[in-house]
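Breakdown of the fold
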Amino acid sequence: MSLHPDWQESADVVVIGTGVGGLAAALAAHRAGRRVVLLSKAGRTPGGTATHYAQGGIAVVLPDNDDSVDAHVADTLAAGAGLCDPDAVTSIVADGYRAVTELVSAGARFDESSSGGWALSREGGHTRRRIVHANGDATGAEVQRALDHATDTLDIRTKHTALQLLQDAGSVTGVLVANRQGIGLIHAPSVILATGGLGHLYSATTNPEGSTGDGIALALWAGIAVSDIEFIQFHPTMLFDGTAGRGPGKRRPLVTEAIRGEGAFLVDSQGNSVTAGVHPMGDLAPRDVVASAIDARLRATGEPCVFLDARGIADFKRRFPTVTASCRAAGVDPITQPIPVVPGAHYSCGGVVTDVHGQTELPGLFAAGEVARTGMHGANRLASNSLLEGLVVGGRAGKAAAAHAVDSGPVRAGTAEIVARTALVRGDLQRAMSRDASVVRDADGLYGLIDTLSAAPLAAVVTRAGLEDAALTATARALAAAALAREESRGCHHRTEYPDAAGTPARSLVVRLAADDSAQVETLAAVC
Ligand SMILES: Cc1cc2nc3c(=O)[nH]c(=O)nc-3n(C[C@H](O)[C@H](O)[C@H](O)COP(=O)(O)OP(=O)(O)OC[C@H]3O[C@@H](n4cnc5c(N)ncnc54)[C@H](O)[C@@H]3O)c2cc1C
């Protein structure tokens with residue numbers, strides 16, 4: 001369907017997304033003297049980004065303690081289970097301290113220790129204390145606040161949804177956008193995808209409502225490669241409030257691991273331990289192990305949740321005020337009742353393939369933050385490495401996009417078409433994904449999922465809701481194809497028929513969409 005746009009504009013750099021990746025990029029492009037337009041499909045109120053909800057902190061090597069870049073790199077590679085790109089990890093980790101101090105210059109304040117200097121915490125998989133945090137467990141809100149403040153004079157358009165990337169002669173030329181005025185075009189030689197994650201592929205997620213895989217779908221539709229997309233990190237204990245699967249768009253609170261660290265234990269409705277005999281560390285086993293154990297118990301019992309019994313923890317309300325408030329809002333008193341929990345989709349380790357400057361394979365198109373696959377996370381993300389990556393690669397992508405805009409000059413104002421995309425009804429898609437491509441997968445389930453996805457009807461994509469449903473469907477197709485092709489268990493991808501990692505060298509899989517919207521899987525060269 002040909003388009004008669006309701007409005008048209010131009011810019012040097014368009015940034016899609018206002019979380020850590022997008023704001024760091026926009027700031028750098030603006031400082032390089034370029035005319036930047038930022039788009040967010042969310043409104044002005046806080047909470048439209050995953051960045052806002054980050055809790056633990058930012059992993060960073062400080063120059064003056066017993067830590068080292070080599071040690072942080074080694075921890076990251078170990079978590080990534082053979083699929084990280086060591087050069088990318090080294091480049092990003094080595095730039096972390098500079099990026100965090102720049103954020104402090106922009107106004108961020110991190111918690112300090114009694115002896116002065118930043119208070120550093122340690123998280124799972126880290127061999128050193130290297131996590132800086134703010135206001136206890138509210139790091140993301142502080143990062144978002146500081147970046148919002150630093151960019152408040154920039155041209156930020158809220159309630160603007162990017163629907164499609166424009167390209168001409170093998171380069172990006174802008175974005176098709178829906179807003180209150182209708183559908184318009186922003187012409188620009190550089191576009192940065194910073195659209196965040198994809199948690200709403202599943203019925204239950206810790207992600208905010210906008211995490212619908214839009215950037216991955218925009219890239220797939222533009223013929224761009226996506227990689228490591230089968231590696232979804234599930235958090236084992238997300239609060240279950242009885243509504244999972246009944247309606248899209250809801251963000252569900254985390255019930256922090258620290259509660260298990262203080263002695264809380266996981267049981268089913270009959271009071272049987274969920275993790276007994278599964279792992280020597282029991283309830284404190286790694287996240288993917290505990291999530292798999294809960295998933296297995298739910299499948300065996302047919303029940304909707306298991307329970308975290310924290311009634312033995314003294315002074316619970318003072319120690320865990322955020323969890324107490326979330327539980328009480330859901331009608332559960334954690335001091336007198338076990339907390340109902342389920343595993344929830346938490347983080348996308350893969351995404352749009354980029355280098356460490358955010359450059360994708362399409363000239364002028366960059367990606368940064370959770371939407372990107374730089375090679376930093378491999379098959380499993382190390383805790384608190386994502387804000388770090390968003391800050392570092394976001395800043396670099398902004399600079400690279402600014403330079404590209406200068407080199408290529410203004411683009412010719414082209415036209416666009418309204419394209420029909422396949423889109424499954426959101427609830428149906430989430431149920432199918434939660435059943436067949438969740439914590440544990442097998443070939444039968446994945447083939448069934450691929451059949452379900454290929455039966456999705458076509459619909460013209462002209463609104464935010466329409467774009468999100470189509471984006472979720474395209475992203476699900478890519479994920480299902482990669483999960484089926486990966487005949488092994490590695491990192492956070494678990495296949496029941498292949499419980500171990502394959503003996504052959506680890507390789508990342510690349511997915512592209514074919515003209516009929518089916519997902520084609522290729523193999524990326526071995527990286528380790
Ligand atoms: C509960 C929780 C706790 C976490 N804790 C930590 C932690 O302690 N440490 C850590 O390192 N990481 C943590 N993470 C992960 C980390 O917060 C995210 O990976 C990171 O913040 C993502 O930043 P981003 O800029 O890529 O995306 P986001 O912050 O999610 O921003 C995405 C932006 O894109 C916009 N957008 C999306 N699609 C479109 C579209 N089509 N058109 C226009 N705009 C669009 C959205 O409106 C939004 O502005 C946590 C995540 C969650 C959910």
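Since the structure is predicted, the reported quantities are computational estimates derived from the model, not experimental observations. (Residues numbered from 1 in each chain as written. Predicted model: local features only at pLDDT ≥ 70, side-chain atom pairs only at ≥ 80, totals over all residues. Heavy atoms only, no water.)

Turning to the overall build of the protein chain, a few remarks are in order. For the protein chain, the helix and strand inventory stands at 14 helices and 25 strands. For 528 residues, the compact-globule formula gives about 24 Å, and the C-alpha radius of gyration of the protein chain, at 22 Å, lands near that figure. If one aligns the C-alpha atoms of the protein chain with their principal axes, the spans along those axes are about 65 × 60 × 50 Å. With 528 residues in all, the protein chain has 58% of them scored as buried. When contacts within the protein chain are restricted to residue pairs at least 6 apart in sequence, long-range pairs at least 24 apart make up 71% of them. (Helix = DSSP H or I, 4+ residues; strand = E, 2+ residues; numbered from the N terminus. Rg over C-alpha atoms; globule rule 2.2 N^0.38 Å. Buried < 20%, exposed > 50% of the residue type's maximum accessible area, 1.4 Å probe, protein only. Contact = heavy atoms within 4.5 Å.)

Take the packing of aromatic side chains next. Taken as a whole and assessed by the stated rule, the structure comprises three aromatic pairs. Seen from their ring centres, F110 and W118 are 5.6 Å apart, and the 80 degrees between their planes marks the pair as edge-to-face. Exposure remark for F110: the relative accessible area of 7% places this residue in the buried category. Between the aromatic rings of Y202 and F234, the centroid separation amounts to 5.1 Å while the plane-to-plane angle is 80 degrees, which identifies the pairing as edge-to-face. Highlighted residues: Y202 in the loop between strand 11 (190-193) and helix 6 (214-221) and F234 in strand 13 (residues 232-239), separated in sequence by 32 residues. In this pair, the class of Y202 matches that of F234, namely buried. Above the plane of the ring of Y53 lies R251, whose end atom (NZ or CZ) is 3.8 Å from the centre. (Phe/Tyr/Trp six-rings, centres within 6.5 Å; stacked < 30°, edge-to-face > 60°. Lys NZ or Arg CZ within 6 Å of the ring centre and 35° of its normal.)

Turning to helix 3 (residues 86-94), its buried residues number three or more, namely A88, V89, I92 and V93. What you see down the axis of helix 3 is that its buried residues fit within an arc of 120 degrees, all on one side. (Arc of directions from axis to C-beta.)

In terms of burial, strand 10 (residues 182-187) is largely enclosed, as five of its six residues are buried. Inspection of the sheet shows strand 1 (residues 7-10) paired to strand 10 by four bridges, in the parallel sense. Within strand 10, the position partnered with Q8 by the bridge is L185. Of the strand pairs in this sheet, strand 9 (residues 171-179) and strand 10 are connected by six bridges, and their pairing is antiparallel. Residue pairing for strand 10: L176 is matched across the bridge by L185. (Pairing = 2+ DSSP bridges.)

Our focus in this paragraph is the pattern of salt bridges. Counting across every chain of the model gives 32 salt bridges. Note that K41 is salt-bridged to E468, the shortest N-O span being 2.8 Å. With K41 in the loop between strand 3 (36-39) and strand 4 (58-59) and E468 in helix 14 (residues 464-485), this pair connects stretches of sequence that are 427 residues apart. Each member of the pair K41 and E468 is classed as buried. The network of salt bridges with shared partners includes K41, E209, D214, R426, R464, E468 and D469. (Salt bridge = Lys/Arg side-chain N within 4 Å of Asp/Glu carboxyl O.)

Time to look at the sheet that holds strand 16 (residues 339-348). By way of backbone hydrogen bonds, the strands of a sheet pair with one another, either parallel or antiparallel. An order of 13-16-15-14 is seen for the four strands of this open sheet, with the pairing classed as antiparallel. In this open sheet, the two edge strands, each paired with only one partner strand, are strand 13 and strand 14 (265-267). Within the sheet, the average angular offset between the axes of one strand and its neighbour, ignoring direction, is 45 degrees. Looking at chain direction, strand 15 (residues 306-309) and strand 16 are connected through three bridges and run antiparallel. Bridging from a neighbouring strand, V306 pairs with V341 of strand 16. (Axes fitted to C-alpha atoms, helices over the stretch in contact; angles between N-to-C directions.)

In the vicinity of the ligand there are 38 residues, among which T51, G56, D214, E370 and S386 approach most closely. Backbone polar atom of G21 to an oxygen atom of the ligand: 2.9 Å apart, as the coordinates give it. For the ligand, whose free accessible area comes to 1000 Å², the fraction covered by protein is 97%. Those elements that provide at least two residues to the shell around the ligand are helix 1 (20-31), strand 8 (161-168), strand 16 and helix 11 (385-408). If one sorts the elements of the shell around the ligand by residue count, helix 11 sits on top with three residues. Of the residues assigned to the shell around the ligand, the class counts are twelve nonpolar, 22 polar and four charged. (Near = heavy atom within 4 Å. Polar contact = N/O pair within 3.5 Å; in protein donor to acceptor, adjacent residues only side chain to side chain. Areas by Shrake-Rupley, 256 points an atom, 1.4 Å probe, with all protein chains shown as cover. Nonpolar A, V, L, I, M, F, W, Y, C, P; charged D, E, K, R; others polar.)

Moving on, we come to the sheet that holds strand 9. Strand order across the open sheet formed by four strands is 1-10-9-8, with mixed pairing between neighbours. With one partner strand each, in any of the chains shown, strand 1 and strand 8 form the two edges of the open sheet. Pairwise comparison of adjacent strand axes, ignoring direction, gives a mean angle of 25 degrees for this sheet.

Our next topic: the side chain of T139. Residue placement: T139 occurs in helix 5 (residues 139-150). Excluding anything up to four places from it in sequence, T139 contacts A54, Q55, G56, G57, I58, F110, V132, H133, A134 and L387.

Burial along strand 11 is two-sided: S190 and I192 facing one way and V191 and L193 facing the other are all buried. Pairing analysis gives four bridges linking strand 2 (residues 13-16) to strand 11, with the strands arranged parallel. Bridged to I16 within strand 11 is L193. In terms of strand pairing, strand 11 meets strand 18 (residues 365-367) through three bridges, oriented parallel.

Right, let's get into helix 8 (residues 287-301). Over its 15 residues, helix 8 extends 21 Å from the first C-alpha to the last, a length consistent with the 21 Å expected when each residue adds 1.5 Å. All of the buried residues in helix 8 are D288, V289, V290, A291, S292, A293, I294, D295 and L298. Count one or two residues on from helix 8 and you reach G302, which has phi positive near 70 degrees. (Expected span 1.5 Å × (residues − 1).)

A separate point is the state of the cysteines. Inspection of the entire model under this criterion finds zero disulfides. Between C305, a free cysteine, and C327, which holds the nearest cysteine sulfur, the sulfur-to-sulfur gap is 12 Å. Under the relative-accessibility criterion, C305 is labelled buried at 7%. The thiol sulfur of C349 is not disulfide-bonded, and the nearest other cysteine sulfur, from C492, lies at 3.9 Å. (Disulfide = S-S within 2.5 Å.)

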